[in-house]
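Below are the chains, spelled out letter by letter.
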Amino acid sequence: MTLQGLHVPGWGERIGWDGQAIHVPDKPVVPFIEGDGTGPDIWRATQRVLDAAVEKAYGGARRIAWVEVQAGEKSFKGLGTWLPDETVEAIGYFRVAIKGPLTTPVGGGIRSLNVTLRQVLDLYACVRPVRWIPGVPSPVKRPQDIDMVIYRENTEDVYAGIEWAGGSPEGEKLRLFIEKELGKKIRPNSGLGIKPISQFGSARLVAKAIRYALASGRDSVTLVHKGNIMKFTEGAFRDWGYQVAREQYGDVTATEAEVSEKHGGKLPAGKKVLVKDRIADSMFQQVLLRPAEYSVVCTPNLNGDYLSDALAAQVGGLGMAPGSNEGDEHALFEATHGTAPKYANLDKINPGSLILSGEMMLRHLGWGEAADLVTKGIEAAVAAKQVTYDLHRLMEGAHLVSCSGFGEAIVARM
Ligand code: NAP
């Protein structure tokens, strides 16, 4: 590993990995990508809040050794590449990182930065906690009933990018092969896409979601799929999910069917997590009508994409929605919105998404006390109606603060 060009503080230490879990030293090195557009504004506010929380919780005994790594427009302008190999290597080496939003480069032959980072580091779970912060304007009557964590598969499904244009030579070749060799008719001039969903990919995601539920005291994992229609992809996801629950976590999980048939609808003693499944379309109704019945939600890529954004809207929008991309050894925490370029360098945008992603990162490091301070600070700032323009325009009697001002309002209330 070459750390050339990186300014790694001499006092920082690398996060360890024993094949099962990460080991976090008191002064871990954490690479950050500032991001494009409004990225620098929200990153500055985020770093201020996270450092203040760690300082307040541990009084100097713990501290993050931040290291900037390049990606996106800043990198392209300075180094002539959108994603330097050193950045991917550094995140791989240090194991935990955080990023602001990146411009998606337009034009052929350029790797999508987010997709590349996910693939190279095998960040197979996109994790999105969805919880309402009291006071944030919401379009639903009881946003307080929503407290879910979505585990979305990140590497497979129609997102694998295996597709051909209708009428293209490759598309025609595939269409005729399917017609002649497999006996299924497809109209000429049809675009064709492949939806791979593997046992390996499904099982490791469901196992991760169950481990998370167990570690965080959450009482259910819901497999969301469209298996009634797509039996061998989405249906298989559900079946492999139940299989993992049974074979690897059978001592601590029970299925909804078992519980209703044998235990009067209640989890029996000793069992900690209820595993159930819902058809995707019905799940969109459920999260509106009976959100309190769902806790951890585990789903293939496309369903997860739709569901994450729909749920984020229910609790007040993407401006406050955190997220991460996680593998076994690596985790990359990120703002879930884009670069919002029209607000770049105006110190205006809401840094809440990246700050809450930083809160997730602190929990991932095992620094729960500092994470709790971030939550407390952000809840108190919103309760005091000290909010950025996006929330200000929807809240009565609110006080408008800048991006950095919101950060300061959080720090002042930790
Ligand atoms: P966007 O940057 O998310 O912005 C769309 C609108 O959402 C903004 O104009 C603003 O609405 C609102 N918004 C976004 N972030 C906000 C925040 N932190 N606080 C308050 N409001 C916020 O989406 P886009 O304009 O479609 O995309 C711009 C660029 O970002 C593109 O290059 C895209 O590819 C990229 N992108 C990157 C990521 C990523 O890196 N993960 C994700 C999505 C998009 P108002 O105008 O109403 O205030």
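Reading guide: rules and limits
- Residues numbered from 1 in each chain as written.
- Predicted model: local features only at pLDDT ≥ 70, side-chain atom pairs only at ≥ 80, totals over all residues.
- Heavy atoms only, no water.
- Helix = DSSP H or I, 4+ residues; strand = E, 2+ residues; numbered from the N terminus.
- Rg over C-alpha atoms; globule rule 2.2 N^0.38 Å.
- Buried < 20%, exposed > 50% of the residue type's maximum accessible area, 1.4 Å probe, protein only.
- Contact = heavy atoms within 4.5 Å.
- Areas by Shrake-Rupley, 256 points an atom, 1.4 Å probe, with all protein chains shown as cover.
- Lys, Arg positive; Asp, Glu negative; His and termini not counted.
- Charge placed at Lys NZ, Arg CZ, Asp CG, Glu CD.
- Near = heavy atom within 4 Å.
- Polar contact = N/O pair within 3.5 Å; in protein donor to acceptor, adjacent residues only side chain to side chain.
- Nonpolar A, V, L, I, M, F, W, Y, C, P; charged D, E, K, R; others polar.

Asks: I'd like a rundown of the overall build of the protein, residues and numbers included.
Replies: For the protein, the count of helices and strands is 14 helices and 17 strands. Against the globule reference of 22 Å for 414 residues, the protein gives a C-alpha radius of gyration of 22 Å, in line with a compact fold. On the principal axes, the C-alpha backbone points of the protein span a range of 65 × 60 × 50 Å. The buried share of the protein, reckoned over its 414 residues, is 51%. For the protein, the share of sequence-separated contacts (at least 6 apart) that also reach a separation of at least 24 residues comes to 72%. Of the accessible surface of the protein, which amounts to about 18800 Å², a share of 52% is contributed by carbon and sulfur atoms. Within the protein, the 49 negative side-chain charges are centred at a point lying 4 Å from the centre of the 47 positive side-chain charges.

Asks: Could you give me a rundown of the site of the ligand, with the residues and numbers involved?
Replies: Within the structure, the ligand sits among 18 residues, and Thr104, Gly338, Ala340, Tyr343 and Tyr389 are positioned closest to it. Contact distances for the ligand include 3.1 Å between an oxygen atom and a side-chain N or O atom of Arg393. For the ligand, whose accessible area on its own is 880 Å², the fraction buried by protein is 65%. Partitioning the shell around the ligand into residue classes produces seven nonpolar, seven polar and four charged.

Asks: Any chance you could break down the side chain of His337 for me, citing the residues and the numbers?
Replies: As for its position among the elements, His337 is in the loop between strand 15 (331–335) and helix 11 (352–364). With a relative accessible area of 18%, His337 lands in the buried category.

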